[in-house]
Amino acid sequence: MSHVKIPLFAIKPESAIPFNLFRKEEDHYALVVEDGDIFPKNLSNLMLNYPNNEPCVYLHKKDKPKYYAYLENFLGKITQDTEVSVKEKSALIYDFAANTLDNLFQNPESKELMNRSKNLILNTINIIFAHDNSVKSMMEISSHDYYTYTHSVDVSLFSMGFVNYLNYSYDDMANIGYAALLHDIGKSKIPLEILNKKALLASDEFEIMKHHPKYGCEILQFHGEKNNDILNPVRHHHEKALGTGYPDKLIATKTHEFAKIIAIADIFSALTTKRSYKEAYSSFNALQLMKNDMLHDLDKHLFFEFVKFMTTISRQ
Ligand SMILES: [Fe+2]
């Protein structure tokens with residue numbers, strides 16, 4: 001497919017468009033706005049596409065990076081636009097997040113992508129605050145297949161939704177959202193043959209994989225991060241209550257609360273997505289498995305609050 005569809009509300013009238021925009025016709029894509037031109041005020045009415053008069057625009061696949069850079073400037077406005085539905089906002093922010101993380105995993109030293117990730121969390125919080133059912137709406141979009149980057153977006157979403165449910169502060173939501181989004185960024189330093197292995201890891205491979213929380217913390221420090229509410233959860237999201245986790249073998253009382261929350265969201269997300277060696281569990285079955293087999297590793301109080309949070313979401 002040479003062209004990709006984007007929603008019309010993502011393009012702001014009277015803004016300069018840094019890529020070509022097309023309308024889909026029966027047998028071709030017709031150029032409507034040329035790279036560098038201003039998107040006219042009333043053009044939205046004409047952007048109806050074959051075959052169902054769907055109001056959207058198309059751009060060349062190769063221009064997607066330019067589209068995400070353009071979109072970043074308007075994300076704040078779009079998330080607060082009362083004419084855009086929560087479903088549409090959720091889909092847009094999820095797509096933006098997945099793209100940002102996909103690129104960040106390939107280029108973790110990028111300052112631009114790191115800033116974009118921070119921005120993204122603040123915009124996601126805007127949506128969560130503005131719409132009661134936004135977490136559910138974003139969860140419904142989330143990928144059922146496992147990719148490191150969509151997994152990161154999901155863990156961030158579950159963690160932010162959960163602390164919002166627990167009435168934590170705005171700053172707490174921002175910090176845990178950002179830490180959860182980047183909790184596995186250290187995997188960008190793990191050899192691809194281990195990262196992409198389509199089977200359970202051998203013990204020597206797992207030893208290498210166990211370095212990723214430490215690498216993640218180092219990447220954040222490389223970017224100047226000093227906030228322990230972000231650094232600690234990234235480093236300690238694989239610690240276990242009895243001190244059997246990694247990398248520092250911390251017991252529960254020594255582990256940051258956000259690390260314990262991210263650990264729960266991380267396991268829940270991994271269980272509810274499909275891997276090459278296992279099917280996806282339903283939310284109910286995932287929570288039941290966590291309760292029966294993993295509770296000794298988790299913070300029990302937080303886990304049962306998480307179950308209540310998921311129950312509340314499923315009833316929305
Ligand atoms: Fe991890």
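Computed from a predicted model, the values in this text were never measured in an experiment.

About the criteria used
As a convention, each chain's residues are numbered from 1 in the sequence order in which they are written. In view of the model being predicted, local features appear only for residues whose pLDDT reaches at least 70, and side-chain atom pairs are presented and counted only at 80 or more, with totals across whole chains, interfaces and linings using the full set of residues. Neither water nor hydrogens contribute to the side-chain values; these are computed over all heavy atoms in the structure. Boundaries between domains were set according to an automatic or database domain assignment. Nitrogen, oxygen and sulfur within 2.8 Å of a metal are treated as its donors, or within 3.2 Å for sodium, potassium and calcium (Na, K, Ca); water is not counted, so a site can appear incomplete. When four donors show all angles between 85 and 135 degrees the site is tetrahedral, when four or six donors have opposite pairs over 155 degrees and all other angles between 65 and 115 it is square planar or octahedral respectively, and in every other case it is irregular. Working definition: a ring pair exists when centres of Phe, Tyr or Trp rings (six-membered ring for Trp) sit within 6.5 Å. Plane angles under 30 degrees give stacked, over 60 give edge-to-face, the rest tilted. Secondary structure elements are taken from DSSP: a helix is a run of H or I of four residues or more, a strand is a run of E of two residues or more, and numbering for both begins at the N terminus. Only protein chains enter the accessibility calculation, which uses a 1.4 Å probe; a residue is then buried when its area is under 20% of its type maximum, exposed when over 50%, and partly exposed in between. When a carboxyl oxygen of Asp or Glu is within 4 Å of a side-chain nitrogen of Lys or Arg, the pair counts as a salt bridge. In this scheme, the bend at a residue equals the angle between the axes fitted to the seven residues that finish there and the seven that begin there. Throughout, a residue-residue contact means that at least one pair of heavy atoms, one from each residue, lies within 4.5 Å. Between N-to-C directions, angles cover 0 to 180 degrees, with each direction set by a line fitted to C-alpha atoms, over the stretch in contact for helices. Here is the rule for angles: anything less than 35 degrees is roughly parallel, anything more than 145 is roughly antiparallel, 65 through 115 is roughly perpendicular, and the remaining ranges are oblique. Each crossing gets its hand from how the near helix is turned against the far one by less than a right angle, where anticlockwise is left-handed and clockwise is right-handed. Ten residues, namely Ala, Val, Leu, Ile, Met, Phe, Trp, Tyr, Cys and Pro, are considered nonpolar, four, namely Asp, Glu, Lys and Arg, are considered charged, and the remaining ones, Gly among them, are considered polar.

A. Highlighting the domain arrangement of the protein chain. If you check the domain split of the protein chain, you get domain 1 (1–61) and domain 2 (85–314). A separation of 35 Å is found between the C-alpha centroids of domain 1 and domain 2.

B. Quick look at the coordination of the iron ion. At this site the iron ion is bound by Asp184 (OD), His212 (NE2), His237 (NE2) and His238 (NE2), with donor distances of 2.1 to 2.2 Å. Each of the 4 donor atoms bound to the iron ion contributes to angles spanning 85 to 176 degrees, and the resulting shape is irregular. Ordering the donors of the iron ion by residue number gives the pattern D-x27-H-x24-H-H.

C. Representation of the packing of aromatic side chains. Across all of its chains, the model carries 16 aromatic pairs by this definition. Seen from their ring centres, Phe158 and Phe268 are 5.5 Å apart, and the 70 degrees between their planes marks the pair as edge-to-face. Taken together, the positions of Phe158 in helix H5 (residues 148–165) and Phe268 in helix H11 (residues 257–271) put the pair 110 residues apart, joining distant regions of the chain. Looking at Phe158, the relative accessible area reads 4%, which means it is buried. With relative accessibility at 1%, the residue Phe268 sits in the buried group. Here the aromatic rings of Phe162 and Phe306 are separated by 5.3 Å at their centres, their planes lie at 85 degrees, and the arrangement is edge-to-face.

D. Region of interest: the pattern of salt bridges. Counted under the stated rule, the structure contains 15 salt bridges. Between Lys5 and Glu54 there is a salt bridge; the shortest N-O distance is 3.1 Å. Taken together, the residues span a long stretch of sequence, with Lys5 in strand E1 (residues 3–7) and Glu54 in strand E5 (residues 54–60) at a distance of 49 residues. The class for Lys5 is partly exposed, based on a relative accessible area of 44%. In this structure, Glu305 engages Lys308 in a salt bridge whose closest nitrogen and oxygen atoms are separated by 3.1 Å. Of this pair, Glu305 and Lys308 both sit in helix H13 (residues 300–314), 3 residues apart, which is roughly one turn of that helix. Judged by relative accessible area, which is 15%, Glu305 ranks as buried.

E. Seen up close, helix H1 (residues 64–79). Asn73 marks the point of greatest bend in H1, at about 50 degrees. Elements in contact with the buried residues of H1: E1, E5, helix H2 (86–106) and helix H3 (111–130).

F. Structural context of the packing of H5 against helix H6 (residues 170–181). Relative to each other, H5 and H6 sit at 160 degrees, their axes nearing to 7 Å. By the angle between their axes, H5 is roughly antiparallel relative to H6. Viewed along their axes, H5 and H6 form a crossing whose handedness is right-handed. Residue-level inspection shows Ser152, Val153, Val155, Ser156, Ser159, Met160, Val163 and Asn164 of H5 in contact with H6, the latter providing Met173, Ile176, Gly177, Ala180 and Leu181. Split by residue class, the contact of H5 with H6 holds 8 nonpolar, 5 polar and no charged.

G. Layout of the environment of Tyr68. Position of Tyr68 among the secondary structure elements: in helix H1. Each C-alpha atom of the pair Tyr68 and Thr100 lies 8.3 Å from the other, and the pair is 32 residues apart in sequence. Apart from the residues within four sequence positions on either side, Tyr68 is in contact with Asp95, Phe96, Asn99 and Arg116.

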